[in-house]
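# A closer look at the structure
Listed below are the residues making up each chain.
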Amino acid sequence: MSNLFIPIVVLFIIFYGVLKKINIYDSFIEGAKEGIPMIKNMFPSLLAMILAVNIFKNSEIIDFVFSFLKPLFMFLKIPFEILPIAIMRPLSGSFGLALLNNIYDIYGPDSFVSVLSSVIQGSSDTTIYIITLYFGTIGIKKIKYSLWVGLLTDLFMVIVSLIIVPILF
């Protein structure tokens, strides 16, 4: 059914356009022309964000920082394996999913660590990606408060996940 959804929507739009006597092809071409400047404005922000995420992901700094935090996590009895997802999810949704898949491979999908990681992945957002791409595209320069609210919300969702998942698991 899901494979048919997009073709059905396209056929519905075409059928609706024919009923309303709209030149569908010309409307499509006009929309595509309007989209090119938007892509041109979006590209530098997207490129900078992808470059920054890849540099951060491929450097050894993540392992270095995590090694200092491991004793704190052990003291608080928090699974250390969730830390990479909690930190990387605000940067990149796809990297967060890759980390989640890695946890599934190691611990299995029904383990406590996997469930906790899944809840963190599902309840947090790609804050830095959103701010970089969308704010950069429309030219918003003052992002300080949006960034703080987004990151604090992500932190809050990690804390709530650490409270709720042990109760329900």
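Report on the accompanying structure. Remember, predicted model here, so these are calculated numbers, not experimental data.

Turning our eyes to something else, we now look at the nonpolar core. The biggest cluster of nonpolar side chains holds 19 residues, and the ones touching the most others in it are F73, I82, I85, M88 and I120. At 4 residues, helix 5 (residues 93–107) tops the list of elements feeding residues into this core. Once you skip the residues sitting within four places of it in the chain, I85 turns out to touch G96, L99, L100, I103, S117, I120 and Q121.

Taken as a whole, the largest pocket holds about 310 Å³ of empty space. In this structure, the largest pocket is lined by 16 residues; those nearest its centre are A86, I87, D154, L155 and V158. Considering each element in turn, the lining of the largest pocket owes the most residues, 7 residues, to helix 8 (residues 144–168). Considered class by class, the residues forming the lining of the largest pocket number 15 nonpolar, no polar and 1 charged.

Its place among the elements puts Q121 in helix 6 (residues 112–123). Apart from residues lying up to four places away in sequence, Q121 is in contact with I85, R89, G93, G96, L97 and L100.

So, how was this worked out
Residues numbered from 1 in each chain as written. Predicted model: local features only at pLDDT ≥ 70, side-chain atom pairs only at ≥ 80, totals over all residues. Heavy atoms only, no water. Core = buried A, V, L, I, M, F, W, Y, C linked by side-chain atoms within 4.5 Å. Buried < 20%, exposed > 50% of the residue type's maximum accessible area, 1.4 Å probe, protein only. Helix = DSSP H or I, 4+ residues; strand = E, 2+ residues; numbered from the N terminus. Contact = heavy atoms within 4.5 Å. 1 Å grid on protein atoms, 1.4 Å probe; cavity = no way out; pocket = protein on both sides within 12 Å on 5 of 7 lines; lining within 4 Å. Points joined across faces, edges and corners; volume = space filled by probe spheres on them. Nonpolar A, V, L, I, M, F, W, Y, C, P; charged D, E, K, R; others polar.

These figures come from the coordinates and say nothing about function on their own.
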